[in-house]
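Geometric and topological summary
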Amino acid sequence: EYWRDWSSDVCSSDLVVHTGTQQGVDSYSAFYDRCQQETTMKRALRDRHVTHVFVCGLTLDAAVAYTAVHAAQEGFATTVVLDACRSASKEEERARCAELERAGVRLAYAREVPRLVNEGHLDEAVFAAKNACVASCIEQQTCSKSYNA
């Protein structure tokens, strides 16, 4: 079975962000569409006092990468879980992973996630909170956002 309706598995506390709701507008990121319109992701994470974001899914070289870069740009300590992702090609995956690292995104494997979560890395949380504060101040002063990943 390639497709399953997961909607019955969603709890009332789960965050559901709808993307790709405008016809003809690509939405590779969970944070912004191609026209730089925000989704509800950033506000929902900040409202929940989230400082760390773990990203996985299809495809690493598009949606996962855009989401991870935008999360880092918004001041979240961001990790891509490599073995929970797939790419269109190994060459694209290698190139995108290098770009992610340059953007400050951590690359990890699923077996490392419990340790990363449990360690809590206070310094990362403080750094992420500071970046989120700076990003919020910048956001209030400017309208333009880069979509480059």
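Heads up: these notes are all about the structure in this document. Everything numeric here is computed off the predicted structure, so don't read it as measured data. (Residues numbered from 1 in each chain as written. Predicted model: local features only at pLDDT ≥ 70, side-chain atom pairs only at ≥ 80, totals over all residues. Heavy atoms only, no water.)

With respect to the sheet that holds strand β3 (residues 106-108)
Sheet strands pair via backbone hydrogen bonds, and the direction of the pair is either parallel or antiparallel. Our working rule: Strand pairing follows a simple DSSP-based rule, namely that at least 2 bridges must link the two strands. Per the convention used, a helix needs a DSSP run of H or I reaching at least four residues, while a strand needs a run of E reaching at least two, with both numbered from the N terminus. For helices, the fitted axis covers only the stretch in contact; all axes are lines through C-alpha atoms, and the angles between them, taken along N-to-C directions, range from 0 to 180 degrees. Contact definition: two residues touch when any of their heavy atoms are within 4.5 Å.
Spatially, three strands are ordered β1-β2-β3 in an open sheet, and the strand pairing comes out parallel. Every other strand in the sheet has two partners, leaving β1 (52-58) and β3 as the edge strands with one partner each. Here the average twist between neighbouring strands, direction ignored, is 30°. Pairing of strand β2 (residues 77-86) with β3, which is carried by three bridges, proceeds in the parallel orientation. Among the inter-strand pairings, V80 is bridged to a residue of β3, identified as L107. Together, β1 and β2 form the strand contacts of helix α2 (residues 60-73), whose direction differs from that of β2 by roughly 170°.

So, the environment of A84
So the rule is basically this: Exposure categories follow from relative accessible area, calculated using a 1.4 Å probe and restricted to protein chains: below 20% of the type maximum is buried, above 50% is exposed, and the middle band is partly exposed.
When you line up the elements, A84 lands in strand β2. Judged by its relative accessible area of 35%, A84 falls in the partly exposed class. Apart from the residues within four sequence positions on either side, A84 is in contact with C56 and G57.

Looking at helix α3 (residues 90-102)
Test applied: Under the convention used throughout, the expected extent of a helix is 1.5 Å for every residue step, that is, one less than its residue count.
With 13 residues, α3 ought to run about 18 Å at 1.5 Å a step, and its terminal C-alpha atoms sit 19 Å apart, in line with that. Among the structural elements, α2, β2 and β3 are those in contact with the buried residues of α3. One or two steps after α3, the chain reaches G104, where phi turns positive at roughly 90°.

Points about α2
Across the 14 residues that make up α2, a large majority, twelve, are buried. Among the residues making up α2, those that are buried are L60, D61, A62, V64, A65, Y66, T67, A68, V69, H70, A71 and A72. As for α2, its buried residues are in contact with β1, β2 and α3. Of the residues flanking the end of α2, it is G75, one or two places downstream, whose phi is positive at about 95°.

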